[in-house]
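Here is what each chain is made of, one letter per residue.
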Amino acid sequence: MGRLNAFQIYKLLPKTNCKECGESTCMAFATKLLNQERKLDECPILLESKYQANYEQLKELLAPAEGALETGITLDEDLCTGCGNCVVACPPNARVCDACKGGSGPDPSNDKIIFRVLDSKAKIVNLKICRRYEPPITNCRICEMYCPTRAIEILR
Ligand code: SF4
Ligand code: SF4
Ligand code: SF4
């Protein structure tokens, strides 16, 4: 899945345009959810039992990985070719992963690393050791610089 967009959120909303949330349409509410200006529980219709599965899916979809907001790092899997540059280039990755230092990729059981390539797609595993999250915070952008397809974008 690529970066989350408002349409993906909209598809899981009740789509009644009832305005009970104070927005004129469900799409407007979806856009505000994406921008974190509204909360899921502010759609009363979604709290009805028949929408429980949608509610749970939306909750999962909207939950940012710890550190995602602070670091501003986004990863678009649709653009990722699985080249592994991010795994090798990120300095904290090398610190917690000897195999990464040598360029041979992380051990699958290593959950301290930031990036892992799985099924030819990079995944963000743990941003808590990112230089943009762990003090002393720096404006590191190495992963973005080394990503040849712009799958990694740092939004601030
Ligand atoms: S309350 Fe829910 S269903 Fe009604 S318009 Fe807002 S988002 Fe759509
Ligand atoms: S910003 Fe720097 S420390 Fe953070 S994931 Fe990218 S390369 Fe690693
Ligand atoms: S550097 Fe970019 S294209 Fe290569 S694995 Fe990482 S995210 Fe994917």
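Only a predicted model underlies this, so the values are computations on that prediction, with no experimental measurement involved.

S.K.: A description of the nonpolar core should follow, citing residues and the corresponding values.
M.R.: Soluble globular proteins tend to bury their nonpolar side chains together. One finds Leu75, Cys86, Ile114, Phe115 and Ile152 to be the most contacted residues of the largest nonpolar core, which totals 21 residues. Elements represented by at least two residues in this core include exactly strand S1 (73-75), helix H5 (85-89) and strand S3 (121-124). With residues near it in sequence (within four places) discarded, Ile152 still touches Ile73, Leu75, Cys86, Cys143, Glu144 and Cys147. Counting 11 residues, the second-largest nonpolar core is a separate cluster that includes Leu12, Cys21, Ala30 and Leu46.

S.K.: Provide a residue-level description of the pairing of S3, including the pertinent values.
M.R.: By the alternation rule, side chains of S3 split into Ala122 and Ile124, which are all buried, and Lys121 and Lys123, of which none is buried. The pairing of strand S2 (residues 115-118) with S3 spans 4 bridges and is classified as antiparallel. Across the sheet, the residue bridging to Val117 is Ala122, located in S3.

S.K.: Which residues make up the site of ligand 1, and what values do they have?
M.R.: As a matter of local geometry, ligand 1 sits amid 15 residues, with Cys18, Cys21, Cys26, Phe29 and Cys43 nearest to it. Split into classes, the residues belonging to the shell around ligand 1 amount to 10 nonpolar, 2 polar and 3 charged.

S.K.: Kindly report on the domain arrangement of the protein chain, identifying the contributing residues and their values.
M.R.: Once the domains are mapped, the protein chain shows domain 1 (6-62) and domain 2 (68-154). Distance from the C-alpha centre of domain 1 to the C-alpha centre of domain 2: 31 Å.

S.K.: Go over the site of ligand 3 with me, naming the residues and quoting the values.
M.R.: Around ligand 3, the surrounding shell holds 15 residues, and the nearest of these are Cys80, Cys83, Asn85, Cys86 and Cys147. Across the shell around ligand 3, the residue classes tally to 10 nonpolar, 5 polar and no charged.

S.K.: Before we move on, can you summarise the confidence of the model for the protein chain with the specific residues and values?
M.R.: Note that predicted coordinates carrying low pLDDT should not be read in detail. Averaged over every residue, the pLDDT of the protein chain is 89; residues scoring 70 or more account for 96%. When pLDDT is averaged over each element of the protein chain, helix H8 (residues 142-146) comes out on top at 98 and helix H7 (residues 98-101) at the bottom at 80.

S.K.: Just give me the short version of unusual backbone geometry, but keep the residues and values in it.
M.R.: Looking along the chain, the bond that leaves Pro135 and enters Pro136 is cis, with omega of 0°. Assignment of secondary structure puts Pro136 in the loop between S3 and H8. The backbone phi angle of Asn17 is positive, close to 50°, even though this residue is not glycine. Note on placement: Asn17 falls in the loop between helix H1 (6-12) and helix H2 (26-34). Residue Asn17 is classed as partly exposed on the basis of its 14 C-beta neighbours within 10 Å. Positioned with a positive phi, Arg150 is a non-glycine residue whose angle comes to about 65°. With respect to the helices and strands, the residue Arg150 is situated in the loop between H8 and strand S4 (152-154). Its 10 C-beta neighbours within 10 Å are what place Arg150 among the exposed residues.

About the criteria used
- Residues numbered from 1 in each chain as written.
- Chains lettered and ligands numbered in written order.
- Predicted model: local features only at pLDDT ≥ 70, side-chain atom pairs only at ≥ 80, totals over all residues.
- Core = buried A, V, L, I, M, F, W, Y, C linked by C-beta atoms within 7 Å.
- Buried ≥ 20, exposed ≤ 12 C-beta atoms within 10 Å, placed from the backbone.
- Helix = DSSP H or I, 4+ residues; strand = E, 2+ residues; numbered from the N terminus.
- Contact = placed C-beta atoms within 7 Å.
- Pairing = 2+ DSSP bridges.
- Near = placed C-beta within 6 Å.
- Nonpolar A, V, L, I, M, F, W, Y, C, P; charged D, E, K, R; others polar.
- Domains from an automatic or database assignment.
- pLDDT = per-residue confidence, 0-100.

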